[in-house]
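What follows is the residue order along each chain.
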Amino acid sequence: MTRRHASAVDPCGIAHAVGVLGDPWSLLVLRDVAGGRTRFEQLVAENGISRKVLTQRLDALVGDGILERRAYSERPPRHEYVLTPLGRGALPVLSALQEFGDTWLLGDGRPDAGAAADSNEVTRVSRLVGQAIPWLHALDPVTDRPLTVVYCYPGNAFPGADEVPGGVGCTLESCTYRDRLDEFADLGAAVVGVSTQRPGDQADFAAANGIRFPLLSDADLELTTALRLPTFRAGGTTRLKRQTLVVDRERTVRATLFPIPDVTGSVEDALRLVREISLRSEGSGQTT
């Protein structure tokens, strides 16, 4: 492993990180590998990067220990690129850059658990439809049911929630899903909640409120970065904006809800989407 440091004696972690991640193409390649585009041709198609430059960046990221080459074909020899533990450690850097761009360069600098209907974030979430959720290291929000409703929320009773537009309502949202869980089950759908809160906090909340479905922690921002989900900063923590994905068992996103101005209404909207997808599948003779 050869890491490109600014100086062997420079005590600044920023300088060392820039030596590895400071090139814009390297950051975009890392973003796309985190999103499941692990093969050379996929990366060329996603970025429009030249094959020569991509080869150089991949070699550098492998040399720095950010990515690892893994063979997926012997004849002809082909490799894909996957994140190493060091690479996964860089995911919060990508999330922070995205949040900075969304909040300060494309927004007004104020934290918000929602977004304007014509915002870049809304466009990005809507474009998830038809995309696959990649296999992740730390968590998997996709169940073996025909459909999984994955609702992302900022966190229960997080500091400063009252000061963030759309920040209040996480407990009500989870409890509404709890109360209507059988309706989703009758349609062949599971429900999974995701936040960046720690697992212990989620477990305490679930026990206190009788939550009967998984609450998953994306504290390491693996899912957040893979799908480029919108986030905001509050209480010293990066938090997911309130958004919902409907995913099939093949891991394909079938529908999204974002922004969500009404937490209880969003549960009804999720049920409607599940019904519509199920009816379309039945009409076409396909399984969901």
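Figured I'd write up the structure that's included with this text. (Residues numbered from 1 in each chain as written. Predicted model: local features only at pLDDT ≥ 70, side-chain atom pairs only at ≥ 80, totals over all residues. Heavy atoms only, no water.)

1. Things to note about the sheet that holds strand E9 (residues 253-257)
As a reminder, the rule being used: The criterion for strand pairing is that DSSP finds at least two bridges linking the strands in question. To qualify as a helix, a DSSP run of H or I must reach at least 4 residues; to qualify as a strand, a run of E must reach at least 2; elements of each kind are numbered from the N terminus. Comment: axis = line fitted to C-alpha atoms, over the contacting stretch for helices; angle = value between 0 and 180 degrees taken between N-to-C directions. Residue contacts follow a heavy-atom distance rule, with two residues in contact if any of their heavy atoms lie within 4.5 Å.
Pairing is mixed in the open sheet, where 5 strands are placed in the order E5-E4-E3-E8-E9. Every other strand in the sheet has two partners, leaving strand E5 (215-217) and E9 as the edge strands with one partner each. The sheet shows a mean angle of 25° between the axes of neighbouring strands, direction not considered. With 6 bridges connecting them, strand E3 (residues 147-152) and strand E8 (residues 243-248) associate as antiparallel partners. When the sheet's bridge partners are listed, Val149 is paired in E8 with Val246. Contacts from helix H10 (residues 199-209) reach strand E4 (189-195) and E5, with the element oriented near 165° to E5. Against the sheet, helix H12 (residues 263-284) makes contact with E3, E4, E8 and E9, and its axis sits at roughly 155° relative to E9, the strand it touches most.

2. Quick look at the pattern of salt bridges
Oppositely charged side chains are able to pair whenever their charged atoms sit close together. This is how it is decided: Criterion for a salt bridge: a side-chain nitrogen of Lys or Arg within 4 Å of a carboxyl oxygen of Asp or Glu. Three exposure classes are used, based on accessible area relative to the maximum for each residue type with a 1.4 Å probe and protein chains only: buried under 20%, partly exposed in between, and exposed over 50%.
Counted according to the given criterion, the structure contains 20 salt bridges. One salt bridge connects Arg70 with Glu68, and the closest N-O pair in it is separated by 3.6 Å. In this structure, the salt-bridge partner of Arg272 is Asp269, at a minimum N-O distance of 4.0 Å. Note that Arg272 and Asp269 are positioned in helix H12 at a spacing of 3 residues, about one turn of the helix. The exposure class of Arg272 is partly exposed, given its relative accessible area of 35%. Residue class for Asp269 comes out partly exposed when judged on its relative accessible area of 30%. Each member of the salt-bridge network shares a partner with another, and the members are Arg180, Glu183, Glu268 and Arg275.

3. A few points about the nonpolar core
The condition is simple: By nonpolar core is meant a set of buried Ala, Val, Leu, Ile, Met, Phe, Trp, Tyr and Cys residues that side-chain atoms within 4.5 Å join together.
One finds Val149, Tyr177, Phe184, Val191, Phe213, Leu215 and Val246 to be the most contacted residues of the largest nonpolar core, which totals 25 residues. At the level of elements, E3, helix H8 (170-179), helix H9 (181-186), E4, H10, E9 and H12 are the ones that each hand at least two residues to this core. Here this core takes 6 residues from H12, the largest share from any one element. With sequence-adjacent residues up to four places away left out, Tyr177 is seen in contact with Val149, Tyr151, Phe184, Val191, Phe213, Thr244, Ser266, Val267 and Ala270.

4. Points about the packing of aromatic side chains
Definition in use: The criterion for an aromatic pair is that two Phe, Tyr or Trp rings (for Trp, the six-membered ring) have centres within 6.5 Å, with stacked assigned to planes under 30 degrees apart, edge-to-face to planes over 60 apart and tilted to the rest. Think of it as a cone above the ring: NZ of Lys or CZ of Arg counts as a charge over the ring if it is within 6 Å of the ring centre and within 35 degrees of the ring normal.
According to the stated counting rule, one finds 5 aromatic pairs in the structure shown. Between Phe158 and Phe232 the ring centres are 6.1 Å apart and the planes differ by 55°, which places this aromatic pair in the tilted class. Taken together, the residues Phe158 in the loop between E3 and H8 and Phe232 in strand E6 (residues 231-234) connect sequence positions 74 residues apart. Judged by its relative accessible area of 1%, Phe232 is buried. Ring geometry for Tyr177 versus Phe184: centroids 5.6 Å apart, planes at 35°, classification tilted. Owing to a relative accessible area of 0%, Phe184 belongs among the buried residues under this scheme. Taken together, the aromatic side chains of Tyr151, Tyr153, Tyr177, Phe184 and Phe213 make up a single cluster linked through ring pairs. The aromatic ring of Tyr72 is capped on one face by Arg39, whose charged end is 3.6 Å from the ring centroid. The ring of Trp135 carries the charged tip of Arg251 above its face, separated from the ring centre by 3.7 Å.

5. Here's the deal with the environment of Ala206
Along the polypeptide, Ala206 turns up in helix H10. Once residues within four sequence positions are removed from consideration, Ala206 is found in contact with Ile211 and Leu215.

6. Topic: the pairing of E3
Across the 6 residues that make up E3, a large majority, 6, are buried. Because side chains alternate across E3, one face comprises the buried residues Leu147, Val149 and Tyr151, and the other comprises Thr148, Val150 and Cys152, equally buried. In this structure, E3 lies alongside E4, joined through 6 bridges in parallel fashion. Counterpart to Leu147 in the pairing with E4 is Ala189.

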